[in-house]
Each structure stands twice: as structure tokens, then as C-alpha cells.
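This is what each chain is made of:
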Amino acid sequence: MILAYARRTFGAIACILALCSSAQQLQNTTWSVYDQGNLAFYMRFDGSVLSYSIDNTSYTPISNYTDNSGNFTLVDMLGSCAGITGTYTYIVDGDTLRWTLISDACPSRSDFFVIYDWATSAMGIAGTVGADPVVVFPNPTQGEVRISGRYLAGEPYVLCDGLGKAVSAGTFANMQATIDLAHLGPGTYILRVGSGTFAPLRVVKL
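The structure presented is a predicted model; accordingly, all values stated were derived computationally and were not measured.

Criteria and cut-off values
- Residues numbered from 1 in each chain as written.
- Predicted model: local features only at pLDDT ≥ 70, side-chain atom pairs only at ≥ 80, totals over all residues.
- Heavy atoms only, no water.
- Helix = DSSP H or I, 4+ residues; strand = E, 2+ residues; numbered from the N terminus.
- Buried < 20%, exposed > 50% of the residue type's maximum accessible area, 1.4 Å probe, protein only.
- Contact = heavy atoms within 4.5 Å.
- Disulfide = S-S within 2.5 Å.
- Pairing = 2+ DSSP bridges.
- Axes fitted to C-alpha atoms, helices over the stretch in contact; angles between N-to-C directions.

## Describing the overall build of the chain
Then, in step 1: Along the chain, the regular secondary structure elements total two helices and 15 strands.
Then, in step 2: Relative to its full complement of 206 residues, the chain shows a buried share of 46%.
Then, in step 3: Of all intrachain contacts in the chain linking residues separated by at least 6 positions in sequence, the fraction that spans at least 24 positions is 49%.

Laid out in C-alpha cells, this is it:
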């Protein structure tokens, strides 16, 4: 939370100076999004649509957005934030994209924008684990999470609580699956996919 606060403070000052000049760079760049140093997925702003990809090839639209003189407003099409409006400001700082929360009734989305690290695809961050990441979205979540990845078909998965107890398990029928966390208490869970093939992933239930 200290890191998130520092980013909010920095963003609030920097956006006053550089936000308007960053608009074109926001749209003309493919952004790699990292969770604790691990590549999570790719994001792209096309016209008025925010899309994500697990392989930087095929993109899925997830939100409609407007960028109006420093106020970035979006409404998700999918997931627990569908239909909920969030407002942010941002700054493109060299190879990184930094967000400042203005207001958002969906906490899983605000954490995603403010706490995760956004960088240009060419930059990269130490700790990246492979070019074909497993995507968990939304994360944090208040209900369901969707897991997707190019090589997940036939792979088993297990979700464990903080004590290592399995609370959900299954097998990917194709490249994606949905896990319902509505019956679980708030906390941090660990998602293990495959038999040591993929790095464990943190899933936060609000």
C-alpha cells in the first residue's frame, strides 16, 4: 500500500505537467503489465476500447473508455466491474505508464491500474517468466476469476488458501477456465497451474 500511495502522489503531480502530451503515446504503444515482476498480460488502447492479450497477437476488448483533457474514464464490458464507471489520470513517464485513481466503485479494477506495473513491451522487467503468460483477470476479485493462456488446454489447476489447503481444483478444457470465489472468504490464494510448468500465481479475494 505504501507503493500504491507513492504512485498516486507522484501521478497527481506529474499529470499536471505532462498528461496532455501523453495521449498519443498511450494509444500508439503496446503495454506489458507486470504483477510483482511477472509478466501478466498485454494491454492496448484502440480508439475508445481497452483490450488485453496473453500473447500480444489476439486482443480481447474488456472496456470502453474516454480520455478527455486528463480525465480517463472507463466502463468494463466483462467481469465483476461490468457497467461500473471508473475515473483516473495517467502519465507516460519514459517507458512506463503510471495511473492515479480519482474514483472507482470497483476496487479490483483500481488495484489493477494503480498497483500493477505498466511498461512498454520493449522495456521488460526483471523477473518476467516467459513470453506466454497465464492471465488471471480480474485480480483482485469479488467473485469470479477467469484464467487464460495459450498452452493451458488439458492442464490441471488447483487454488490453495494461505495454509496450503486446496479450495478449488479442475482441468482446463481449452485455453481458459473460470473459478468462482464467491463462497471463499477475503484473502490471498495461490493458483498453481500444471505440474510445475507455470509459476504460481497470487489471487486476491476482496
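## Comments concerning the state of the cysteines
Then, in step 1: Following the criterion strictly, the structure yields one disulfide and no others.
Then, in step 2: The disulfide bridge from Cys81 ends at Cys106, spanning 1.8 Å between sulfur atoms. An S-S torsion of about -55° defines the bridge between Cys81 and Cys106 as left-handed. Here Cys106 lies in the loop between strand 7 (96–104) and helix 2 (107–115) and Cys81 lies in the loop between strand 5 (71–76) and strand 6 (85–93), a separation of 25 residues in the sequence. There is no split in this pair, since Cys81 and Cys106 are both buried.

## Quick look at the sheet that holds strand 14 (residues 187–193)
Then, in step 1: Pairing in this open sheet of four strands is antiparallel, and the strands run 12-11-14-15 from one edge to the other. The open sheet has two edge strands, strand 12 (166–171) and strand 15 (201–205), and neither has a second partner. Strand-to-strand, the axes of this sheet are offset by a mean angle of 20°, without reference to chain direction.
Then, in step 2: Bridge count for strand 11 (residues 156–160) against strand 14 is four bridges, and the pairing is antiparallel. In the sheet register, Leu159 faces strand 14, and the bridge partner there is Leu191.

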